[in-house]
Amino acid sequence: EDQVTQSPEALRLQEGESSSLNCSYTVSGLRGLFWYRQDPGKGPEFLFTLYSAGEEKEKERLKATLTKKESFLHITAPKPEDSATYLCAVDSGSEKLVFGKGTKLTVNP
Amino acid sequence: DTAVSQTPKYLVTQMGNDKSIKCEQNLGHDTMYWYKQDSKKFLKIMFSYNNKELIINETVPNRFSPKSPDKAHLNLHINSLELGDSAVYFCASRYGLILGYTFGSGTRLTVV
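Below, the structure is looked at part by part. What you are looking at is a predicted structure, and each value in this text was computed from that prediction instead of being measured.

Rules of the game
- Residues numbered from 1 in each chain as written.
- Chains lettered and ligands numbered in written order.
- Predicted model: local features only at pLDDT ≥ 70, side-chain atom pairs only at ≥ 80, totals over all residues.
- Heavy atoms only, no water.
- Phe/Tyr/Trp six-rings, centres within 6.5 Å; stacked < 30°, edge-to-face > 60°.
- Helix = DSSP H or I, 4+ residues; strand = E, 2+ residues; numbered from the N terminus.
- Lys NZ or Arg CZ within 6 Å of the ring centre and 35° of its normal.
- Buried < 20%, exposed > 50% of the residue type's maximum accessible area, 1.4 Å probe, protein only.
- Contact = heavy atoms within 4.5 Å.
- Polar contact = N/O pair within 3.5 Å; in protein donor to acceptor, adjacent residues only side chain to side chain.
- Pairing = 2+ DSSP bridges.
- Axes fitted to C-alpha atoms, helices over the stretch in contact; angles between N-to-C directions.
- Disulfide = S-S within 2.5 Å.
- Salt bridge = Lys/Arg side-chain N within 4 Å of Asp/Glu carboxyl O.

## So, the packing of aromatic side chains
Argument step 1. Counted according to the given criterion, the structure contains 11 aromatic pairs over all chains.
Argument step 2. For the pair F34 of chain A and Y101 of chain B, a centre-to-centre distance of 5.7 Å together with 90° between the ring planes defines the contact as edge-to-face. On the criterion of chain membership, the pair formed by F34 of chain A in strand β4 (residues 32-38) and Y101 of chain B in the loop between β9 (87-94) and β10 (102-103) is interchain, its members lying in two chains.
Argument step 3. Ring centres 5.8 Å apart and planes at 85° place the aromatic pair F99 of chain A and Y35 of chain B in the edge-to-face group. Of this pair, F99 of chain A sits in strand β10 (residues 98-99) while Y35 of chain B is found in strand β4 (residues 31-37), placing the two residues in two different chains.
Argument step 4. One aromatic cluster is present, formed by F34, Y36, F46 and F99 of chain A together with Y33, Y35, Y101 and F103 of chain B through successive ring pairs.
Argument step 5. The ring centre of F42 of chain B lies 5.7 Å from the NZ or CZ of K101 of chain A, which sits over that ring.

## Brief notes about the environment of E70 of chain A
Residue and element names in this part refer to chain A.
Argument step 1. Mapped onto the elements of the fold, E70 is located in strand β8 (residues 70-75).
Argument step 2. Assessed through its relative accessible area of 26%, E70 is described here as partly exposed.
Argument step 3. Among residues more than four places away in sequence, those in contact with E70 are N22, C23, S24, Y25 and T65.
Argument step 4. One polar contact links E70 to N22, side chain to side chain, over a distance of 2.9 Å.

## What about unusual backbone geometry?
Argument step 1. Cis geometry is adopted by the peptide bond preceding P8 of chain A, which originates at S7 of chain A and carries an omega value of -10°.
Argument step 2. Within the secondary structure, P8 of chain A sits in the loop between β1 (3-7) and β2 (10-14).
Argument step 3. Its identity is not glycine, yet E60 of chain A carries a phi of approximately 55°, on the positive side.
Argument step 4. You can see E60 of chain A is positioned in the loop between β6 (56-59) and β7 (62-66).
Argument step 5. Phi angles above zero are rare outside glycine, and K52 of chain B is one such case at about 75°.
Argument step 6. Within the secondary structure layout, K52 of chain B lies in the loop between β5 (43-50) and β6 (53-57).
Argument step 7. When its relative accessible area of 47% is taken as the criterion, K52 of chain B is described as partly exposed.

## Observations concerning the sheet that holds β6 of chain A
All names here are of chain A.
Argument step 1. Here we have five strands laid out as an open sheet, ordered β1-β3-β8-β7-β6, and antiparallel in their pairing. Unpaired on one side and paired on the other, β1 and β6 mark the two borders of the sheet. Across the sheet, the axes of successive neighbouring strands diverge by a mean angle of 15°, strand direction being ignored.
Argument step 2. Summarising the sheet, strand β3 (residues 19-26) and β8 pair through six bridges and their orientation is antiparallel. Bridging across to β8, C23 finds its partner in S71.

## Overview of the state of the cysteines
Residues and elements named next belong to chain A.
Argument step 1. Counted according to the given criterion, the structure contains two disulfides over all chains.
Argument step 2. A sulfur-sulfur distance of 1.9 Å marks the disulfide that ties C23 to C88. Its torsion about the S-S bond being -65°, the disulfide of C23 and C88 is classed as left-handed. Taken as a pair, C23 in strand β3 and C88 in strand β9 (residues 84-91) lie far apart in primary sequence, 65 residues in all. No difference in accessibility class separates C23 from C88, as the two residues are buried.

## Topic: the pattern of salt bridges
Argument step 1. Enumeration according to the criterion identifies nine salt bridges over all chains in this entry.
Argument step 2. Here D82 of chain A ties to R61 of chain A by a salt bridge, and the two come within 2.8 Å at their closest N and O atoms. Of this pair, D82 of chain A sits in the loop between β8 and β9 while R61 of chain A sits in the loop between β6 and β7, and the two are 21 residues apart along the sequence.
Argument step 3. By relative accessible area, D82 of chain A is classed as buried at 6%.
Argument step 4. Of the charged contacts in the structure, one is a salt bridge between R63 of chain B and D85 of chain B, with a shortest N-O distance of 2.8 Å. Taken together, the residues R63 of chain B in the loop between β6 and β7 (64-70) and D85 of chain B in the loop between β8 (73-78) and β9 connect sequence positions 22 residues apart. Like D85 of chain B, R63 of chain B is buried.
Argument step 5. Among the ionic contacts, a cluster of salt bridges with common partners joins R31 and D91 of chain A together with R94 of chain B.

Below you can see the structure in the form of structure tokens.
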């Protein structure tokens, strides 16, 4: 069964303090690994899809990387508006996304 | 234009009642989903439909019945609501096998 584990569960950063979120996964065959951002009271907002080990994608202060066992979401010089819950999910070809429990990021000014 | 829209956004009802949540997508996607997010924010798939055909039913109680009148709509009907059904329900859609999933803004169901 596909499994996704995210760590840490919660992370507090000062504005400008860079850090990384981890997503480790176990799947029979990875078709895609997804990162989403979720703000309170809203639906998950798509950030990145990674397909193969070694792939990297960037968007503003966020950079996602992928290995055969895990993915990292690097946040460089975060701002308070980056505060949200970040969700990782995998698609193993079973026609569904399997999500981790998320990392709640708080960036203090 | 809203890509995936759900109604209602909030739903408060008593135990034993029957309620429906509607979902519509204007993206032209061929696959639609219902996900449930529990109090710990964990998202789990319930159902998947591809072009009106049921693909996935993740051992959801029979009280939950999805209906897809066309590929742009996927509704969720819940019979005999229970306290444990309280959660946020998200509709999502996807085009093909590779592209990301687009989620609606959710329906917060509270059963009292």
